[in-house]
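So the chains spell out like this:
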Amino acid sequence: MNKAEAKALIFEVLLGIAPEAELDRLPGSAQLRDELDLDSMDFLDFVAAVHERTGIDIPEVEYGKLATLDDAVAYLAR
Amino acid sequence: MTDFRMPSLGADMEAGTLVEWRVKPGDRVRRGDVIAVVETQKGAIEIEVFSAGVIAELVVPVGTQLPVGTVMARLDAAAAPRPTQATAPAPPPTRPVAVPPAAAAPAVSPPAAMPPVAEAPPAAPPVSPLAAPPPAAAAGHVSASPAARRRAAERGIALGRVAGSGPGGAVTLADVEAASAEAPPTPPPAPPTAPGPARRGGFDPAAMRQAIAAAMSRSKREIPHYYLSQTVEVTAALARLERQNSGRAPPDRLLPAALLLRATALALAKTPELNGFWEDGHFRPGDGVHIGWATSLRGGGLIAPAIRDADKRPLDELMAAMRDAVRRARAGGVRGSELTDPTITVSSLGERGAESVLPIINPPQVAMVGFGRIVTRPWVVDGAIGPRPVMTLTLAGDHRASDGHRGGLLLVEIDRLLQEAETL
């Protein structure tokens, strides 16, 4: 997966969780959970949806590597 | 013949607006079946029927504002395979009702107060639709967002005919827009001529705020609250979760909330005077530990759907029930009974919340438990100070039903269970 594909997938998943979010305006460095008001359940849904589409496991200890949009894109595109 | 009336869905809920019938005359229903969707201050709620029978008549059309107690439908209970026939509620009908000898008898004509419905002759046979419920919608559950329901009702579009693109196939606002652009909408159901706002649909944050304010004002006015708090070390609980989650795919992972919920439910089973309702000057114990899980909604507002028999479910099942309840609370699809079943409310502030909450009891319940954010603090273990993850556990109790001694025992028991988290 390249970065553009990773970003598109992340946007698609996030819109399912926060339908009102204006993701195009989301700074790459912003904390996703703060910016989109995601609680623990939302973030678990996010990780689970990414896992279901990509097969990437994303262990709990690596949740911190998906903290911002840029981080998450880099994590999935690696 | 049994009248099915608009149920009360909370201490301060006075009315709702019918947005969808899920049944049609002639349909056989069992206790607990969802027969309608009603828009309320708490969003779109699925209304269940409380007795078995055959739907004889849908009394009100889609779009009608329904004060609590309004007759929505009539059931022929005699057609149900039950030895005892259900009796009609106490309030007498406003007009004589002809009792048909069997389920196949024609439905009675609409009451005079109801506006005549287009195409419905005065003595409509059972198959004559009131608001033409779509077959697909009547056949099964249609998951849809509150905004989508509102728009579909406005446009006269049957939700069951719209392909859903949302989570789990839920119909979204965009799906409804697309469907309404594709096909010319069928004429909307005849609008009620009764005065007042007939169709205030959708999840309305201002209306929900009013409902919360009304319930909390009543709580503060009527309930003599007492408050307790206990700091709980959660090292063992976090270790359990880490061990359990490390080998699991994301969809199967547990959140700390599941452990907190289980510990609370098990402890509540030992302190029954905190689990139940204050009604008519008396305490009525709950018929089980049904925990209302406080769920914040995007756009503001709060809803606490029941997780039934929480003390009898293993951890994974509790987690699944919690995910399901939260998802439906946020996407639409909470059942009426889920709003009235909770025997206590539990609020967990989560990872981004404050350190503690001083709960306000949700009447007619008699207690509420709160969990703050887990924080690392200096903690004394074996005479030495070290950093430990801790959490502030709080309780608001109703002094009419219990006192601080019993409340304290509940908190101590939750603490004890969390120290033995491996056994939860």
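Before reading further, recall that the structure is shown in the block above.
Conventions adopted
- Residues numbered from 1 in each chain as written.
- Chains lettered and ligands numbered in written order.
- Predicted model: local features only at pLDDT ≥ 70, side-chain atom pairs only at ≥ 80, totals over all residues.
- Helix = DSSP H or I, 4+ residues; strand = E, 2+ residues; numbered from the N terminus.
- Buried ≥ 20, exposed ≤ 12 C-beta atoms within 10 Å, placed from the backbone.
- Contact = placed C-beta atoms within 7 Å.
- Nonpolar A, V, L, I, M, F, W, Y, C, P; charged D, E, K, R; others polar.
- Pairing = 2+ DSSP bridges.

A tally of helices and strands in chain B yields nine helices and 20 strands. Relative to its 424 residues, chain B shows a buried fraction of 46%. Sequence separation of at least 24 residues holds for 66% of the intrachain contacts in chain B that already meet a minimum separation of 6.

Our focus in this paragraph is unusual backbone geometry. Most of the time, phi is negative for any residue but glycine, and the peptide bond is trans. Pro363(B) connects to Pro364(B) through a cis peptide bond whose omega is 5°. Mapped onto the elements of the fold, Pro364(B) is located in the loop between β17 (344–348) and β18 (367–371). Despite not being glycine, Ile58(A) shows a phi value in the positive range, around 45°. Looking at where Ile58(A) falls in the secondary structure, it is placed in the loop between α3 (40–54) and α4 (69–77). Residues other than glycine seldom take positive phi values, yet Asp382(B) does so here, at roughly 55°. A count of 5 C-beta atoms within 10 Å places Asp382(B) in the exposed class.

Each side of the interface is counted separately: chain A has 16 residues, and chain B has 16 residues. At seven residues, the largest contribution of residues to the side of chain A that touches chain B is made by α3(A). Looking at the side of chain A that touches chain B, its residues break down into seven nonpolar, three polar and six charged.

Residue and element names in this part refer to chain B. The four strands are arranged β1-β8-β6-β3 in an open sheet whose pairing can be described as antiparallel. The open sheet has two edge strands, β1 (2–5) and β3 (28–29), and neither has a second partner. As judged from the four bridges shared by strand β6 (residues 53–58) and strand β8 (residues 71–76), these two strands associate in the antiparallel manner. Each residue of the ladder has a partner; that of Glu-57, found in β8, is Arg-74.

Our next topic: the environment of Ser402(B). Residues and elements named next belong to chain B. Following the sequence through the fold, Ser-402 ends up in the loop between β20 (384–398) and α9 (404–419). C-alpha of Ser-402 to C-alpha of Ser-246: the two residues are 156 residues apart in sequence and 41 Å apart in space. Those residues in contact with Ser-402, other than ones at most four positions away along the chain, are Glu-273, Leu-274, Val-366, Gly-397 and Gly-407.

Take it as geometry only, folks, not as evidence of what the structure does.
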